[in-house]
Amino acid sequence: YQRRVREAVVSTQSTGDMVEGCKIEEKQDQVVTPWDVQATDEKGVDYEKLIKQFGSQKITTELLDRFEKVTGQQPHHFLRRGIVFSHRDFDQLLTLKEQGKPFYLYTGRGPSASSLHLGHCVPFMFTKWLQEVFDVPLVIQMTDDEKALWKDLSLEDANKLAHENIKDIIAFGFNPEKTFIFCDLEYIPSCKEFYWNMNRIQKCINYNQAQKCFGFSGDSYIGKISFPAIQAAPSFSTSFPHIFGERKVHCLIPCAIDQDPYFRITRDVAPRLKQNKPVLLHSTFLPALQGAQTKMSSSDSMSNVEMSDTPKKIKTKINKHAFSGGKGSIEEHRKLGGDTSVDVPYHYLRFFEPDDDRLAEIKRDYESGALLSGEIKKILIDHLQAYVKEFQERRANVTPELL
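Residues numbered from 1 in each chain as written. Predicted model: local features only at pLDDT ≥ 70, side-chain atom pairs only at ≥ 80, totals over all residues. Heavy atoms only, no water.

**With respect to the pattern of salt bridges**
Inference 1: One pass over the structure, following the stated rule, counts 20 salt bridges.
Inference 2: Among the ionic pairs, Asp-135 bridges to Lys-178, the shortest N-O distance being 2.8 Å. Placement of Asp-135 in the loop between helix 6 (118–134) and strand 8 (138–142) and of Lys-178 in the loop between helix 8 (155–170) and strand 9 (179–183) is noted, with a sequence separation of 43 residues between them.
Inference 3: Among the ionic pairs, Asp-382 bridges to Lys-378, the shortest N-O distance being 2.8 Å. Residue Asp-382 and its partner Lys-378 are located together in helix 19 (residues 373–396), separated by four residues, close to a single helical turn.
Inference 4: Accessibility expressed as a relative area gives 36% for Asp-382, which makes it partly exposed.
Inference 5: Relative accessible area serves as the criterion here: at 46%, Lys-378 is assigned to the partly exposed category.
Inference 6: Each of Glu-164, Lys-167, Asp-168 and Arg-395 takes part in salt bridges that share partners, so that together they form one network. (Salt bridge = Lys/Arg side-chain N within 4 Å of Asp/Glu carboxyl O. Helix = DSSP H or I, 4+ residues; strand = E, 2+ residues; numbered from the N terminus. Buried < 20%, exposed > 50% of the residue type's maximum accessible area, 1.4 Å probe, protein only.)

See below:
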């Protein structure tokens, strides 16, 4: 199954919305699917190539200038640094904002482990900021049903992991009055409108389209084949009658670029269902500790920094496993400097050091050789230990009453 998924290369219509088919190539320099991210280049995924391949739109300086004009807010450092790099119709969402028309945010989490890791923090950090800037409702889908299908998990265990992850998500500090977090295994059976939207979406997508988009094979569980409709349904406000009633409100989805296939299909079927096309903002991946050729993963604890890690464990993981762009000796490094394009500690600082001037100073010093590999790792360790400690303190304050 994974082999088939890795072979899937998306080709899009001129609209960039729907997957028409996939062509099979013997050699690929990168694979980006909802289940697999691999790149042969040590610098990682070529995101410019993905924009062309997926048919999305690059976030430009002009778009960021318009965002600042419309909202009165400086763009988040994820936007300024190209970490959030691509979009679908975000310019139209800014028009809605100018017109005073409502919209809501939608993001999610597939609970495959009891603790989030740093990579999972990226969309939640950005979504929290978006909620603060736009002051809009937010729905967060916990796809415990998905993980029971794809992982060696029972429904009970997947649901239990979802509730543990919800505690982590609450710790990010979303507005409790405007945030709805739900588990698929609990909410869908209780909400006719959500279930009906699922069925409407399922009726619009045939097996060939699903197979070509997601790489399903003859031995795929039928639950996997039908799951894309479940992830698509929260894009339609009518799936949440207790929030929106029967109103058809636009939706903004911040997500990593590997989730885009779900929402290309959603955007294709939306007009046929007389629904609004969801707007998307795509982020890059936080690399695995071992290098940018793949993303951080819950399945390999040595590839990630978990939000439950102790300060000692964080230090050990960074020092032992974080791929360095430094040279083989101090003398050589002082002379030639480090390579920030492949250095994992620098990549992580791009995500977790919000001060642009400080990041530029670190980059300059490392590339000139003034800053050694061990020193940039120390800077990152200090950042992550403080970030994780503050997160753990907030999570400890999540009481059962908040769930």
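**A word on the side chain of Arg-88**
Inference 1: Topologically, Arg-88 is positioned in strand 6 (residues 84–88).
Inference 2: In this structure the side chain of Arg-88 is engaged in a polar contact, spanning 3.3 Å, whose partner is the backbone oxygen of Gly-55. (Polar contact = N/O pair within 3.5 Å; in protein donor to acceptor, adjacent residues only side chain to side chain.)

**Some points on the packing of aromatic side chains**
Inference 1: Here the structure, examined in full by the defined rule, presents 33 aromatic pairs.
Inference 2: Arranged with centres 5.6 Å apart and planes meeting at 35 degrees, the rings of Phe-67 and Trp-129 form a pair that is tilted. Taken together, the residues Phe-67 in helix 3 (residues 61–71) and Trp-129 in helix 6 connect sequence positions 62 residues apart. Neither Phe-67 nor Trp-129 differs from the other in exposure class; each is buried.
Inference 3: Members of the aromatic cluster, each reached through a chain of ring pairs, are Trp-35, Tyr-106, Trp-150, Phe-214, Phe-216, Phe-227, Tyr-262 and Phe-263.
Inference 4: Geometry around Trp-196 places Lys-192 over its ring, the cationic atom sitting 4.8 Å from the centre.
Inference 5: Between the NZ or CZ atom of Arg-264 and the centre of the ring of Phe-54, over which it lies, the distance is 4.6 Å. (Phe/Tyr/Trp six-rings, centres within 6.5 Å; stacked < 30°, edge-to-face > 60°. Lys NZ or Arg CZ within 6 Å of the ring centre and 35° of its normal.)

**Notes on the nonpolar core**
Taken as a class, soluble globular proteins show a tendency for nonpolar side chains to be buried jointly.
Inference 1: In this structure, Phe-90, Phe-134 and Leu-252 are the most contacted members of the largest nonpolar core, which totals 65 residues.
Inference 2: Looking at this core, the element that brings in the most residues is helix 6, giving ten residues.
Inference 3: Other than its neighbours up to four places away in sequence, Leu-252 contacts Phe-90, Leu-93, Phe-103, Tyr-104, Leu-105, Tyr-106, Leu-130, Phe-134, Val-279 and Leu-281. (Core = buried A, V, L, I, M, F, W, Y, C linked by side-chain atoms within 4.5 Å. Contact = heavy atoms within 4.5 Å.)

**Looking at the confidence of the model for the protein**
Inference 1: Overall, the prediction assigns the protein a mean pLDDT of 91, with 93% of residues at 70 or greater.
Inference 2: Overall, residues 1–26 carries pLDDT values under 50, and its contacts beyond four positions in sequence, including any with other chains, amount to 65 contacts. (pLDDT = per-residue confidence, 0-100.)

**Observations concerning helix 19**
Inference 1: Over its 24 residues, helix 19 extends 34 Å from the first C-alpha to the last, a length consistent with the 34 Å expected when each residue adds 1.5 Å.
Inference 2: Every buried residue belonging to helix 19 is among Ser-373, Ile-376, Lys-377, Ile-379, Leu-380, Ile-381, Leu-384, Tyr-387, Val-388 and Phe-391, and all of these are buried.
Inference 3: In the core, the buried residues of helix 19 are packed alongside helix 6, helix 8, helix 15 (311–321), helix 16 (330–336), helix 17 (344–352) and helix 18 (356–368). (Expected span 1.5 Å × (residues − 1).)

**With respect to the packing of helix 18 against helix 19**
For any two helices packed against each other, the geometry is given by the interaxial angle and the distance between the axes.
Inference 1: Where helix 18 contacts helix 19, the two axes come as close as 10 Å, and the packing angle between them is 160 degrees. Classified by the angle between their axes, helix 18 and helix 19 sit roughly antiparallel to one another. Along this stretch, helix 18 crosses helix 19, giving a crossing that reads as left-handed. Every residue of helix 19 that contacts helix 18 at Arg-358, Ile-362 and Tyr-366 is listed here: Ser-373, Ile-376 and Ile-379. (Axes fitted to C-alpha atoms, helices over the stretch in contact; angles between N-to-C directions. Parallel < 35°, antiparallel > 145°, perpendicular 65-115°, else oblique. Left-handed = near helix turned anticlockwise from the far one by under 90°.)

**Some details on the side chain of Ser-86**
Inference 1: Considering the arrangement of structural elements, one finds Ser-86 in strand 6.
Inference 2: The class of Ser-86 is buried, set by a relative accessible area of 0%.
Inference 3: Among the polar contacts made by the side chain of Ser-86, one reaches the side chain of Ser-56 at a distance of 2.6 Å.
Inference 4: Within the structure, the side chain of Ser-86 is placed 3.5 Å from the backbone oxygen of Gln-57, a separation counted as a polar contact.

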